[in-house]
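# Commentary on secondary and tertiary structure
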Amino acid sequence: MRARDAVQVSPNPRARRAHRWGGYAAQLSLLAVVYYLGARLGGLQEVTAAPVTPMWPPTGVAVLALLTGGPRLWPGITLGSLLVNLTDAPLTWWNLVICVVGTGGPLLAYYLLRRADLQLELDRTRDALALVFVGAFAGMLPGSLLGSGSLLLAGVITPAEWLPTWAVWWTGEAMGVLVLVPFGLAMRGLGPLGERWRATTGRRALEAAALIVTTVGLMMVTSGTKARLMFLIFPLLIWGALRFQHRGAAPCALIATVFASRAAVLSAGPFAGLENAQQNMLGLQAYNGTVALTGLVLAAVIAERDAGRVAIERTVEQLSAVVTSYQPLRLSGGIADERRDGRGVRGGRSGGGSGSGRSDRAGLTGGNGQAGPAVGNGGAVLPGQAGAPGQTRNPGQAGASGQTGNPGQTDVPGQPGPADGSDRAGSPADRPGEGGRSDRAGRPGLDGR
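Quick notes on the rules
Residues numbered from 1 in each chain as written. Predicted model: local features only at pLDDT ≥ 70, side-chain atom pairs only at ≥ 80, totals over all residues. Heavy atoms only, no water. UniProt positions renumbered as here; feature names shortened; annotations may be inferred. Core = buried A, V, L, I, M, F, W, Y, C linked by side-chain atoms within 4.5 Å. Buried < 20%, exposed > 50% of the residue type's maximum accessible area, 1.4 Å probe, protein only. Helix = DSSP H or I, 4+ residues; strand = E, 2+ residues; numbered from the N terminus. Contact = heavy atoms within 4.5 Å. Phe/Tyr/Trp six-rings, centres within 6.5 Å; stacked < 30°, edge-to-face > 60°. Patch = residues over 30% accessible without salt bridge, like charges linked within 9 Å, V, L, I, M, F, W, Y side chains within 5 Å. Areas by Shrake-Rupley, 256 points an atom, 1.4 Å probe, with all protein chains shown as cover. Salt bridge = Lys/Arg side-chain N within 4 Å of Asp/Glu carboxyl O. Lys, Arg positive; Asp, Glu negative; His and termini not counted. Charge placed at Lys NZ, Arg CZ, Asp CG, Glu CD. Polar contact = N/O pair within 3.5 Å; in protein donor to acceptor, adjacent residues only side chain to side chain.

- Where an unreviewed UniProt entry is consulted, the protein chain appears under the name MASE1 domain-containing protein, with the organism given as Actinosynnema pretiosum.
- If you open the UniProt record of the protein chain and go to Subcellular location (unreviewed entry), you find "Cell membrane".

In structure tokens form, the structure reads like this:
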């Protein structure tokens, strides 16, 4: 009965395989639809005879999909590129080249970013710089050359138009990466909306809403007037990076580039009165690149600084916890006495004790009041005699280093010696090497004493 239930409960491998392939097909279809919609929006900003725009959103969508889903999603990019090219013009060889370029460029950028060890959190300065110079500019360069070259060979553009067409193609795809990839990664980092909104305070949510509304209002005004005031976006960009990192800087950069690109296409606002579209594109791409680069790098620097501060605070907390919980090792009285006894015995055996009078295990009274015979500066002590303190010397007793004392200079039994435990430091007989002291045979010293 249990085995039959287990067989019924266990999933069918064929059904599981079909479910997996069905999910993969759904991902490819969704990617193709988003790619196509991005191309439709980007097509509204064409400024040259060729179908190129100052910002190509499908490139950013493709790179973002590859970074988050892996290279297995490349068929969805190819499908979306085919849909875009087949709806705009009949199938030709140069359309196929553009489809290949539309797939190969994001794949090249993906592998270059992986080689650069890009982290999707973009919380390091090196990640921001890698996305700008490796993923955007270097990754999109070969595709833009092939695409614009195919248009030239097909006769869609003239040789005089090739250079501006290539420049707009290259910078447009690079801007798609610089603007949409940080925005998508920042929104992806929010996690489930319920958890994020529960963790967000009302004051912080109001601040984020005020930032977005202020950015939209400012760009509507500055992009519609001839006064060159679009640089006023930078304080808002700095505000968003300082307070929300990429979640604040990426939406501001996206809003600014969209409004600026629209003004350049319509030759309105600060782009009005320029001689040709090439000058418009030069000013537009310089502005868009500066905005995207500033927001991306500044947000990465702030995130890296905050991460370092958090790591330092965590380390300080751990060290504080260790210091608080640390208790000094307290030895019991018996063990401590045993260790002291061992040191005293070793000092007495060596004959060079310091005179501290440590006791051995015999229980007699030593120089420090403990049990045991006191150990002087190498001399033997008779029991019952007062030494230093409580230590006595026998007439003729060996002095320091085993020398024979002067018979005329003996200690009176019971008389306390020096307080430091040495054997009558003031007696000439106990200090060999000085004038008037006897040598090892008891003979007079150099001064004849």
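### Some points on the nonpolar core
- Among the nonpolar cores identified, the biggest contains 41 residues, and Val63, Leu67, Leu113, Leu131, Val177 and Val181 are the most heavily contacted of them.
- The set of elements that each furnish at least two residues to this core consists of α2 (13-42), α3 (57-69), α4 (74-88), α5 (93-115), α6 (125-154), α7 (159-188) and α12 (277-325).
- Leave out the neighbours within four places in its chain, and Val177 touches Thr59, Gly60, Val63, Leu131, Gly135, Ala136, Met140 and Pro182.
- Ile233, Phe244, Ala263 and Ala264 belong to the second-largest nonpolar core, a separate cluster that totals 21 residues.

### Digging into the packing of aromatic side chains
- For the structure on display, the rule yields six aromatic pairs.
- Considering the side-chain rings of Trp21 and Tyr24, the 5.9 Å spacing of their centres and the 75 degrees angle between planes classify their relative orientation as edge-to-face. Here the residue Trp21 and the residue Tyr24 both occupy positions in helix α2, the gap between them amounting to three residues, near one helical turn.
- Residue classification places Trp21 among the exposed positions, given a relative accessible area of 54%.
- The structure contains a cluster of three or more aromatic residues connected by ring pairs, namely Phe133, Phe137, Trp162, Trp166 and Trp170.

### Notes on a nonpolar patch on the surface
- Side chains of Leu86, Leu91 and Leu96 sit close together on the surface and give an oily, nonpolar patch of about 280 Å² of accessible area.
- With respect to the helices and strands, Leu86 occurs in helix α4.

### As for unusual backbone geometry
- Despite not being glycine, Leu122 has its phi angle at roughly 55 degrees, a positive value.
- Mapped onto the elements, Leu122 comes out in the loop between α5 and α6.
- Although it is not a glycine, Ser267 adopts a positive phi angle of roughly 50 degrees.

### Remarks on the UniProt feature "transmembrane region" (unreviewed entry) in the protein chain
- Residues given the UniProt feature "transmembrane region" (unreviewed entry) here are residues 21-38, 93-113, 129-154, 166-185, 205-221, 227-244, 251-272 and 284-303.
- Helix makes up 68% of residues 251-272 and strand 0%, and the two end C-alpha atoms of the span are 26 Å apart.
- Between the C-alpha atoms that bound residues 284-303 the distance is 28 Å, and the span itself is 100% helix and 0% strand.

### Comments concerning the side chain of Thr59
- If you trace the backbone, Thr59 turns up in helix α3.
- Thr59 sits in the buried class, given a relative accessible area of 4%.
- Not counting residues up to four positions away in its chain, the partners in contact with Thr59 are Met140, Glu173 and Val177.

### Structural notes on a positive patch on the surface
- On the surface, a cluster of positive charge is made up of Arg14, Arg16, Arg17 and Arg20.
- Among the secondary structure elements, Arg20 is positioned in helix α2.

### Some details on the pattern of salt bridges
- One pass over the structure, following the stated rule, counts four salt bridges.
- Asp127 serves as the salt-bridge partner of Arg124, at 2.8 Å between the closest nitrogen and oxygen. Judged on exposure class, the residue Arg124 and its partner Asp127 are both buried.
- A salt bridge links Arg243 to Glu207; the shortest N-O distance between them is 2.7 Å. Of this pair, Arg243 sits in helix α10 (residues 233-244) while Glu207 sits in helix α9 (residues 202-222), and the two are 36 residues apart along the sequence.
- A relative accessible area of 38% means that Arg243 is categorised as partly exposed.
- For Glu207, a relative accessible area of 18% gives the class buried.
- Salt bridges linked by common partners bring Arg305, Asp306 and Arg309 together as one network.

### Description of the environment of Trp170
- Considering the arrangement of structural elements, one finds Trp170 in helix α7.
- Exposure remark for Trp170: the relative accessible area of 21% places this residue in the partly exposed category.
- When the C-alpha positions of Trp170 and Met140 are compared, they lie 6.2 Å apart, and in sequence the two are 30 residues distant.
- Aside from chain neighbours lying at most four places away, what touches Trp170 is Phe137, Met140, Leu141 and Ser144.
- At 2.9 Å, the side chain of Trp170 forms a polar contact with the backbone oxygen of Phe137.

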